[in-house]
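Below, each chain spelled out in residue letters.
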Amino acid sequence: MSEPTEPNHNQATNATVLVTGAAGYIGSHTCIELMANGFDVIGVDNFDNSEPVVLDRIAELAGRPIQFAELDIRDTEALRKVVSKHSPSAVIHFAGLKAVGESVSHPQKYWSVNVGGTLSLLDAISTSDVSMFVFSSSCTVYGDPAAVPVTETTPVAPISPYGRTKLAAEQAIIDHLSTRDCGGLLLRYFNPVGAHASGRIGEDPVGVPNNLMPFAMQVAVGRRDALSIFGDDYDTADGTCIRDYIHVVDLAQGHVAALKAETDIDSCEIVNLGTGRGSSVLEVVNAASEAVGKPIAHQIVARRDGDAAVIFADTTKAESLLSWSADRTMVDMCRDHWSWQSLNPDGYRTAD
Ligand code: NAD
Ligand code: UD1
């Protein structure tokens, strides 16, 4: 297993990367991996779903401060000033909203931030020297696939406003980049879980978690009574749904691989980032219980609307195009997620 990369100041690349959503869950882990690999990072975020203290923790783990500007990505002029000042050669675009349920009740907000924000960013870099644009897309664009594993050519059929905004943003990026000399990587993440091995940064959902691992870990730490498992009557070995969980540090390292692959990519490519392995909900709950050292209370309830029974990635393209694969196991994911949750039971809200 590759460890989180230790800071190495000899690996200077002289390349500056603009990272939107730098204070978020995946963004913060990626900033550390980028900085450890010698990239200079200029992060932007409006802290809509994150806390400023994350920046201190990134600096602590990276061994140097992160350059940062607080802004809303829909503020094109503010973005343009950052681009003009720092002259990034690459952009990694994480900033966005990601709660499926909220996207159903507030679709306008999702189209504004996820699509409007992406258009604003494309506008802000339109006359810059950015030569690689990396976008955080999601396996949610595949909806409920007819066959697994899903490849990048599996038909897309998003079933939520969130999924449709991710797909629309992908298409906007493809059209924009076709007019200029800039490569693009549209990375479709599967299910990111886990945390930095230090336990200093991790996922910190606001309110009741929608996703499996954060909910299970909040039960383990005593913030919630029991996990509800949404259905055990699917056509799978134990009746619960199967997903492709990927360690967030593997995912972060996938972004470093994406930038290092830059010279080989001169068009816009879609790439799945997953492990290629599926785990059922009960397998995750059992692995999480092992990591925590006690059973995680759970009950079986009705299916959740919109859940695919089984989805996991075909990782062939990531391996060939990016020379990258995810090697951390479910045991690693649960151990590191538990370190983060147990060291920070209330997330960043009680942080120093
Ligand atoms: P996150 O919410 O932790 O991080 C997103 C960051 O973007 C937050 O820090 C938030 O404050 C910031 N942000 C939101 N709106 C903004 C705006 N208008 N201007 C500036 N900053 C803004 O989410 P994450 O899990 O790190 O996800 C990052 C990206 O990856 C998102 O685009 C998401 O759609 C995508 N993605 C996430 C998952 C997942 O399960 N975590 C899966 C697939 C794809
Ligand atoms: C969810 C999002 C998807 C997003 C993905 C990335 C939905 C419908 N989909 O997918 O758009 O790209 O996260 O992380 O929200 N589960 C429980 N109990 C819980 C929570 C989840 O049993 O309290 C089950 C779900 O039914 C599912 C599995 O755990 O089978 C994983 O759920 P979740 O973590 O929400 O991820 P996805 O459903 O894959």
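Numbering of residues starts from 1 in every chain and runs along the sequence as written. Chain A is the first chain written and ligand 1 is the first ligand written, with later ones labelled in order. Predicted model: local features are reported for residues with pLDDT of at least 70 only, side-chain atom pairs are reported and counted for 80 or more only, and whole-chain, interface and lining totals are derived from all residues. The basis for the side-chain values is all heavy atoms of the structure; hydrogens and waters are excluded.

What follows covers the overall build of the protein chain. Looking only at helices and strands, the protein chain features 11 helices and 13 strands. It is over C-alpha atoms that the radius of gyration is taken, and the globule rule equals 2.2 Å times the number of residues to the power 0.38. Scaling as 2.2 N^0.38, a compact globule of 352 residues should have a C-alpha radius of gyration of about 20 Å, and the protein chain matches this with 19 Å. Principal-axis analysis of the C-alpha atoms gives the protein chain an extent of 55 × 45 × 40 Å. Here the term buried applies to any residue with accessible area under 20% of the maximum for its type, exposed to any over 50%, and partly exposed to those in between, with areas from a 1.4 Å probe on protein chains only. Looking at the protein chain as a whole, 57% of its 352 residues are labelled buried. Of the contacts made within the protein chain by residues no fewer than 6 positions apart, 83% connect residues no fewer than 24 positions apart. Approximately 14400 Å² of the protein chain is accessible, and the part contributed by carbon and sulfur atoms is 49%. All tallies of charge rest on Lys and Arg as positive and Asp and Glu as negative; His and the ends of each chain are not included. A charge is said to be at NZ when it belongs to Lys, at CZ for Arg, at CG for Asp and at CD for Glu. When the 25 positive and 45 negative side-chain charges of the protein chain are each reduced to one mean point, those points stand 4 Å apart. Here a helix means four or more residues in a row that DSSP labels H or I, a strand means two or more in a row labelled E, and each is numbered from the N terminus. We call two residues contacting when some pair of their heavy atoms lies within 4.5 Å. Methods summary: accessible areas were calculated by the Shrake-Rupley approach with a probe of 1.4 Å, and residue burial reflects only the protein chains presented.

Leu 34, Leu 259, Leu 273 and Leu 322 are the most contacted members of the largest nonpolar core, which has 48 residues in total. Among the elements that make up this core, the one with the highest residue count is helix H8 (residues 248–260) (seven residues). Here Leu 273 is in contact with Leu 187, Arg 188, Tyr 189, Phe 190, Ile 246, Leu 251, His 255, Ala 318, Leu 322 and Trp 324, once residues within four sequence places are set aside. Here, nonpolar core means buried Ala, Val, Leu, Ile, Met, Phe, Trp, Tyr and Cys residues that are tied together by side-chain atoms lying within 4.5 Å of each other.

This part is about the packing of aromatic side chains. Under the pairing criterion, centres of Phe, Tyr and Trp rings, with the six-membered ring standing for Trp, must be within 6.5 Å; the plane angle then separates stacked pairs below 30 degrees from edge-to-face pairs above 60, leaving the rest tilted. Applying the stated criterion across every chain yields a total of three aromatic pairs. A centroid spacing of 4.8 Å and a plane angle of 50° characterise the contact between Trp 340 and Tyr 348, whose relative ring orientation is tilted. In this structure, Trp 340 and Tyr 348 share a single accessibility class: buried. In this structure, Arg 224 is placed above the aromatic ring of Phe 215, and the distance from its NZ or CZ to the ring centre is 6.0 Å. Two conditions define a charge located above a ring, namely a distance within 6 Å from the ring centre to NZ of Lys or CZ of Arg, and an angle within 35 degrees of the ring normal. Above the plane of the ring of Tyr 234 lies Arg 303, whose end atom (NZ or CZ) is 3.9 Å from the centre.

Moving on: the site of ligand 1. One heavy atom within 4 Å of a molecule or strand makes the whole residue count as near it. By nearness alone, 27 residues border ligand 1, and Asp 45, Asn 49, Ser 50, Lys 98 and Tyr 162 come closest of all. N or O atoms within 3.5 Å of each other form a polar contact, as long as, within protein, one can give a hydrogen and the other can take it, and as long as residues adjacent in sequence are counted only when both atoms are side-chain atoms. Between ligand 1 and Asn 46, the relevant distance is 3.2 Å, taken from a nitrogen atom to a side-chain nitrogen or oxygen of the residue. For ligand 1, the protein covers 95% of the area, taking 820 Å² as the surface of the free molecule. Contributing elements (two or more residues each) for the shell around ligand 1: helix H1 (25–36), strand S5 (132–138) and helix H6 (161–177). A per-element tally of the shell around ligand 1 places S5 first, with three residues. The residue classification treats Ala, Val, Leu, Ile, Met, Phe, Trp, Tyr, Cys and Pro as nonpolar and Asp, Glu, Lys and Arg as charged. All others, Gly included, are polar. Residues that form the shell around ligand 1 fall into these classes: 13 nonpolar, nine polar and five charged.

To continue, consider the site of ligand 2. Around ligand 2, 18 residues are found, and the nearest of them are Ser 138, Ser 228, Arg 243, Arg 304 and Asp 307. Ser 138 is positioned with one of its side-chain polar atoms (N or O) 2.8 Å from an oxygen atom of ligand 2. Here Phe 230 contributes a backbone N or O atom positioned 2.9 Å from an oxygen atom of ligand 2. Broken down by element, the residue count for the shell around ligand 2 peaks at four residues, all from strand S8 (residues 227–230). The residue inventory of the shell around ligand 2, partitioned by class, reads nine nonpolar, six polar and three charged.

With that settled, the discussion passes to the environment of Gly 194. Within the secondary structure layout, Gly 194 lies in the loop between strand S7 (191–193) and helix H7 (212–220). Each C-alpha atom of the pair Gly 194 and Leu 18 lies 24 Å from the other, and the pair is 176 residues apart in sequence. Apart from the residues lying within four places of it in its own chain, the contact partners of Gly 194 are Tyr 25, Val 248, Met 333 and His 337.

Strand order in the open sheet formed by seven strands is S3-S2-S1-S4-S5-S6-S11, and the pairing between neighbours is parallel. Taken across any chain shown, the strands that pair with only one partner, and hence form the sheet edges, are strand S3 (67–70) and strand S11 (268–273). Ignoring which end each strand starts from, the neighbouring axes of this sheet average 20° apart. Summarising the sheet, strand S4 (residues 90–93) and S5 pair through four bridges and their orientation is parallel. Its bridge partner being in S5, Ile 92 is matched across the sheet by Val 134. Strand pairing is assigned whenever DSSP detects at least two bridges linking the two strands. Fitting a line to C-alpha atoms yields each axis, with helices limited to the stretch in contact; the angle taken between N-to-C directions then spans 0 to 180 degrees.

Let's shift gears to the environment of Val 310. Note that Val 310 resides in the loop between strand S13 (298–301) and helix H10 (316–322). Along the backbone, Val 310 and Gly 278 are 32 residues apart, and their C-alpha atoms lie at a distance of 7.9 Å. Once you skip the residues sitting within four places of it in the chain, Val 310 turns out to touch Pro 145, Val 148, Thr 236, Ile 242 and Arg 243.

A few words now on the pairing of strand S6 (residues 183–189). In terms of burial, S6 is largely enclosed, as seven of its seven residues are buried. The alternating pattern of S6 places Gly 183, Leu 185, Leu 187 and Tyr 189 and Gly 184, Leu 186 and Arg 188 on opposite faces, both of which are buried. Of the strand pairs in this sheet, S5 and S6 are connected by seven bridges, and their pairing is parallel. Counterpart to Ser 138 in the pairing with S6 is Tyr 189.

We now examine the packing of H7 against helix H11 (residues 330–343). Following both chains from N to C, one finds H7 and H11 inclined at 55°, their axes separated by 10 Å at the closest point. In terms of orientation, H7 and H11 fall into the oblique class. The two elements H7 and H11 meet at a crossing, and its hand is right-handed. Of the residues in H11, those touching H7 at Met 213, Pro 214, Met 217, Gln 218 and Ala 220 are Met 330, Cys 334, His 337, Trp 338 and Gln 341. Split into classes, the residues belonging to the contact of H7 with H11 amount to seven nonpolar, three polar and no charged. Just so you know how the angles are binned, under 35 degrees is roughly parallel, over 145 roughly antiparallel, 65 to 115 roughly perpendicular, and the rest oblique. With the far helix as reference, a near helix turned anticlockwise by less than a right angle produces a left-handed crossing, and one turned clockwise produces a right-handed crossing.

As a further point, take the confidence of the model for the protein chain. For every residue, the predictor reports its confidence as pLDDT, a number between 0 and 100. On average, residues of the protein chain score 94 in pLDDT, and 94% of them are at 70 or above. Per-residue pLDDT stays below 50 along residues 7–11; that stretch engages in 11 contacts with residues further than four places along the chain or on separate chains.

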